[in-house]
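# Coordinates in review
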Amino acid sequence: MSDLQDRDKNYVAGTYSRFPVEIVKGKGSLLYDGDGSQYIDMGTGIAVNTFGACDGIWAEAVKAQLDRVQHVSNIFYSYPCVELAELLCKATGMRKVFFGNSGAEANECAIKVARKYAAERHGVDCYNIITLKNSFHGRTITTLAATGQDVFHKNFQPLTPGFAYADANDLQSVKDLASKFKTAAVMIECVQGEGGVLPLEESFVKGLYNFCVEKDILLIVDEVQTGNGRTGKLYAYMNYGIQPDLVTTAKGLGGGLPIGACIFGGKVKDVLSYGDHGSTFGGNPIAAAGAVSIIKRLDESVLDGVIKRSNYIFENLSGADGIVSVNGMGLMIGIQTEKPAKQVVTECIGRGVLCLTAKDRVRLLPALNIPFNLLEKAIEIIKQVCAR
Ligand SMILES: *Cc1c(COP(=O)(O)O)cnc(C)c1O
């Protein structure tokens, strides 16, 4: 074991099962380890490095802010945070934004908003939130409760009460729960990322939206992984023709720096008032300046590029030797392989391609602008690894 890996084992909490790769630098879709070995990055730090490593435009925006001021407390006004909120609202038709630092925090905020809204409108006993089985919403005690997978709950009971789990793509199962528990909100991922990169069916999402509108149940869409251009639209819900009440996002928003956002629709825009919520680092100027540069770039031509790359991956992997199926949306792709996914990822590392897993699938989350020659090379290697 290398010295670094040895020290990691000794001093860093053992919460991650790491692959033996020590990345020291990168540029775009290429990453390098300490020995100078080069890897094509098909994971972008789990959908975080939206335009790849050390992207020039993003880095300039971040460095410019770094030379102005690194942090301003939320008791004062700050330009990057306001500019980002305005950009997000104008691009989504939504009305206000609360900034935190992670996906879990964005979801915590949405849950607080839903509870307060429902308590004021429908009574304090209307607090339940329906999420879907196989979902993932974060690691805090409350977002774990929102996560509809038992494996994550083990050893951490009791979790926050007030969550119930419906079957994905089964509207009746949502309706049954909503008639059993007084329901404040339903929270979904349009594509279940950690759950295996499984897109929800359009008829289910549309039906759910109509049901929520009719019952004044808030619809929360967790876009932590699907957001910020990943699926070929700015946000994945835009592929479904719905308008959520709350959209949460993080991962790709900052292009590599920690930032989370909870975006409020018209119904809930003023639910939170002074003292209801806060975060010391939330809306940090450097993270926000990076995010402004990311959101400004997600125009039609970048999004078209996402679709083109996505089509290339689907066309080349579907039906290939050793590949059972390919699922997902845009540049969020899950591959069911005959070999165990972990073995595929390990063999790909040996051949200079970094992929991820999601449950029993190989997961690809490349940069939205990954150069075609690198994409072709990576897909060829993935195909060869899966076939042998
Ligand atoms: C990653 C993820 C989260 C949690 O985000 P953190 O930044 O790790 O807290 C929540 N929801 C979804 C859908 C995610 O993919």
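The paragraphs below set out a description of the structure included in this document. (Residues numbered from 1 in each chain as written. Predicted model: local features only at pLDDT ≥ 70, side-chain atom pairs only at ≥ 80, totals over all residues. Heavy atoms only, no water.)

### With respect to the sheet that holds strand β17 (residues 361–364)
How we decide: By this definition, two strands are paired if DSSP reports at least two bridges between them. Runs of E in the DSSP output that reach at least two residues are strands. Runs of H or I that reach at least four are helices, and both are numbered from the N terminus. Helix axes are fitted to C-alpha atoms over the stretch in contact, other axes to C-alpha atoms as well, and angles between N-to-C directions run from 0 to 180 degrees.
Pairing in this open sheet of four strands is antiparallel, and the strands run β13-β14-β17-β16 from one edge to the other. Among the strands making up the open sheet, the edge pair consists of β13 (323–329) and β16 (356–358). Strand-to-strand twist in this sheet, taken as the mean axis angle between neighbours without regard to direction, amounts to 30°. When β13 meets strand β14 (residues 332–337), the two strands line up antiparallel, connected through six bridges. Residue pairing for β14: G328 is matched across the bridge by I333.

### A closer look at the environment of K308
The condition is simple: Relative accessibility thresholds used throughout: buried, under 20% of the residue-type maximum; exposed, over 50%; partly exposed, between the two (1.4 Å probe, protein chains only).
The residue K308 is located in helix α11 (residues 300–317) in this model. Accessibility expressed as a relative area gives 54% for K308, which makes it exposed. Put simply, K308 and G138 are 170 residues apart on the chain and 31 Å apart in space, counted from C-alpha to C-alpha.

### So, the packing of aromatic side chains
Heads up, the rule is: Any Phe, Tyr or Trp ring, taking Trp's six-membered ring, that has another such ring centre within 6.5 Å forms a pair; planes under 30 degrees apart are called stacked, those over 60 apart edge-to-face, and the others tilted. Put simply, a charge is over a ring when the Lys NZ or the Arg CZ is close to the ring centre, within 6 Å, and near the line of the ring normal, within 35 degrees.
Tallied over the entire structure, the rule returns two aromatic pairs. When the ring of Y312 is compared with that of F372, the centres are 6.0 Å apart and the planes differ by 90°; the resulting orientation is edge-to-face. Taken together, the residues span a long stretch of sequence, with Y312 in helix α11 and F372 in helix α13 (residues 372–387) at a distance of 60 residues. Overall, F372 belongs to the partly exposed group, its relative accessible area being 30%. The side chain of K25 reaches across the aromatic face of Y32, ending 5.6 Å from its centre. The positively charged end of K342 is found above the aromatic ring belonging to F19, 5.5 Å away from the centroid.

### Focus: the site of the ligand
To keep it simple, the criterion reads: Only a single heavy atom is needed: when it lies within 4 Å of a molecule or strand, its residue is near that molecule or strand. We define a polar contact as two N or O atoms separated by no more than 3.5 Å, with the added condition that, inside protein, one atom must be a possible hydrogen donor and the other a possible acceptor, whereas residues neighbouring each other in sequence contribute only through side-chain atom pairs. Note on areas: Shrake-Rupley, 1.4 Å probe, and residue coverage restricted to the protein chains presented here. Gly is put with the polar residues, along with every residue not named as nonpolar or charged; the nonpolar set is Ala, Val, Leu, Ile, Met, Phe, Trp, Tyr, Cys and Pro, and the charged set is Asp, Glu, Lys and Arg.
Looking at the ligand, the residues that line it are S102, G103, A104, N107, F136, H137, G138, E189, D222, V224, Q225 and K251. Residue F136 places a main-chain N or O atom 3.3 Å away from a nitrogen atom belonging to the ligand. In the complex, the protein chains occlude 82% of the 380 Å² of accessible area that the ligand would expose alone. No other element matches the three residues that helix α5 (residues 103–122) contributes to the shell around the ligand. Along the lines of polarity and charge, the residues of the shell around the ligand split into three nonpolar, six polar and three charged.

### Some remarks on the pairing of β17
Taking every second residue as pointing to the same face, both faces of β17 are buried, with R361 and R363 on one and V362 and L364 on the other. Of the strand pairs in this sheet, β14 and β17 are connected by three bridges, and their pairing is antiparallel. Of the residues in β17, the one forming a bridge with I333 is L364. Pairing between β16 and β17: three bridges, direction antiparallel. Its bridge partner lying in β17, A358 is registered against R361. The hairpin turn running from β16 into β17, its antiparallel successor, is two residues long, and K359 in that turn takes a positive phi close to 55°.

### Observations concerning the packing of α11 against α13
Two quantities define a packed helix pair, namely the angle between the helix axes and the distance between the axes. Short version of the rule: Orientation labels follow simple angle bins: below 35 degrees gives roughly parallel, above 145 gives roughly antiparallel, 65 to 115 gives roughly perpendicular, and whatever is left gives oblique. Whether a crossing is left-handed or right-handed is set by the direction in which the near helix is turned from the far one by less than a right angle, anticlockwise for left-handed and clockwise for right-handed. The contact rule is simple, with two residues in contact once any of their heavy atoms fall within 4.5 Å.
Packing of α11 against α13 leaves a shortest axis separation of 11 Å and a crossing angle of 25°. Between α11 and α13, the angle falls in the class roughly parallel. α13 is crossed by α11, and the crossing has right-handed handedness. For the pair α11 and α13, contact is made by K308, R309, Y312, I313, N316 and L317 and by F372, L375, E376, I379, I382 and K383, respectively. Along the lines of polarity and charge, the residues of the contact of α11 with α13 split into seven nonpolar, one polar and four charged.

### Comments concerning unusual backbone geometry
Of note, the bond from Q157 into P158 is cis; its omega dihedral lies within 30 degrees of zero at -5°. Inspection of the secondary structure assignment puts P158 in the loop between α7 (150–153) and β6 (163–166). Positive phi, normally seen in glycine, also occurs at N134, with a value near 75°. Turning to its location among the elements, N134 is positioned in the loop between β5 (128–132) and α6 (141–146). By relative accessible area, which is 16% here, N134 ends up buried.

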